[in-house]
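Residue strings, one per chain:
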Amino acid sequence: MASAVQLTRIMGPDDANIVGNVHGGTILKMIEDAGCIIGTRHCNTQTGDRCVAALARVERTDFLYPMFIGEVAHVSAEITYTSKHSVEVQVNVLSENILTGAKKVTNKATLWYVPLSLRNVDKIIEVPPIEYTSTESEELGKKRYEAQKLERMETKERNGEVITPVSFPERHTKEPYTVGFSQSSLIHLIGPSDCTLHGFVHGGVTMKLMDEVAGIVAARHCKTNIVTASVDAINFHRKIKKGCVITISGRMTFTSNKSMEIEVFVDADSLLETDKGKYRAVTAFFTYISLDKENKPLPVPPLKVGI
């Protein structure tokens, strides 16, 4: 089995919002980078086809504490379960204030990967088994595997809904605090720098864009500083190829006094293979909170529904 992976990077202005909070998408991308490295290393410890670990799912991820510009992010990843065709990777994120030495665990995440052959992207390689510390840990891993597999299938069956983009002039006709007022979309052309060795987009790139859209929705609703509080399971239903145009759409689905839930879809459309049409590639729910200038929680305006 591949040894644990450690990634370390200092957070700069490009990683954060205008008040210095590091974007949740930046953290998600680092988490996926670490997961992809260890997953790919492990799946290539055997002879046969070389492969790359492709992200299939991210379990619910909580953002326990905010991270700020100037802090160092320490990301560690290890493999905790393998099935015949998938790998479970658990990732921890630690923030370090290099001026005071203070450290905090900011994130814990679980990711699932499938190894795809470099010769044939449609071929899934068998995963080398790992040695477990006990029979109990193996059984618990198997239960997690079966649970995520079932939820992925259920999510795939209900992911066909389309979000119609709201144009800028049209937004001014919407009443504040309604779904239509804050609903937002981004369009992105997938280039070589976004992709793996296969020519398909990195899961971390997609998650970062999804967090950006969710953040825009939250900011439009609250008109305050906002940060990512958690991400429910992110399901990667279909691969996105280099040269595709992706539309990332987000809408408010629920508010409580302290938080906002935002649904995000990613739809892909190939510029070169127009006969294939647009398809739903990724779905997820993000939760955001509103903060004041001292980074203390603010009440969230209630969502007006049925308007």
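Residues numbered from 1 in each chain as written. Predicted model: local features only at pLDDT ≥ 70, side-chain atom pairs only at ≥ 80, totals over all residues. Heavy atoms only, no water.

Engineer: Even after reading the chapter, I still don't get the UniProt feature "domain: HotDog ACOT-type" (unreviewed entry) in the chain, so can you show me in this structure?
Structural biologist: This chain's UniProt record puts "domain: HotDog ACOT-type" (unreviewed entry) on residues 1–119 and 180–294. Here residues 180–294 is 20% helix and 45% strand, with 30 Å between the C-alpha atoms at its ends. (UniProt positions renumbered as here; feature names shortened; annotations may be inferred. Helix = DSSP H or I, 4+ residues; strand = E, 2+ residues; numbered from the N terminus.)

Engineer: Mind showing me how you'd approach the layout of surface pockets here?
Structural biologist: Empty space among the atoms becomes visible once a probe the size of a water molecule is rolled across them. Estimated volume of the largest pocket: approximately 1,000 Å³. What lines the largest pocket is a set of 45 residues, among which Ala-54, Leu-116, His-237, Arg-238 and Lys-239 lie closest to the centre. When contributions to the lining of the largest pocket are tallied by element, the ones reaching two or more residues are α1 (24–43), β2 (51–58), β6 (103–117), α2 (135–157), α5 (203–222) and β12 (279–291). Per-element accounting of the lining of the largest pocket gives the leading share, five residues, to β2. Within the lining of the largest pocket, the residues separate by chemical class into 21 nonpolar, 13 polar and eleven charged. No fewer than three residues from each of domain 1 (1–129) and domain 2 (163–306) sit in the lining of the largest pocket. By volume, the second largest pocket is sized at about 350 Å³. (1 Å grid on protein atoms, 1.4 Å probe; cavity = no way out; pocket = protein on both sides within 12 Å on 5 of 7 lines; lining within 4 Å. Points joined across faces, edges and corners; volume = space filled by probe spheres on them. Nonpolar A, V, L, I, M, F, W, Y, C, P; charged D, E, K, R; others polar. Domains from an automatic or database assignment.)

Engineer: Before we go on, may I ask you to explain the packing of α1 against α5 in this structure?
Structural biologist: Relative placement of two packed helices is described by the angle separating their axes and the distance separating the axes. Interaxial distance between α1 and α5 falls to 8 Å at its minimum, and their mutual angle equals 165°. Relative to α5, α1 is oriented roughly antiparallel. Both α1 and α5 take part in a crossing whose hand is right-handed. Where α1 abuts α5, its residues Gly-24, Gly-25, Thr-26, Leu-28, Lys-29 and Glu-32 lie against Gly-203, Gly-204, Val-205, Met-207, Lys-208 and Asp-211. Split into classes, the residues belonging to the contact of α1 with α5 amount to three nonpolar, five polar and four charged. (Axes fitted to C-alpha atoms, helices over the stretch in contact; angles between N-to-C directions. Parallel < 35°, antiparallel > 145°, perpendicular 65-115°, else oblique. Left-handed = near helix turned anticlockwise from the far one by under 90°. Contact = heavy atoms within 4.5 Å.)

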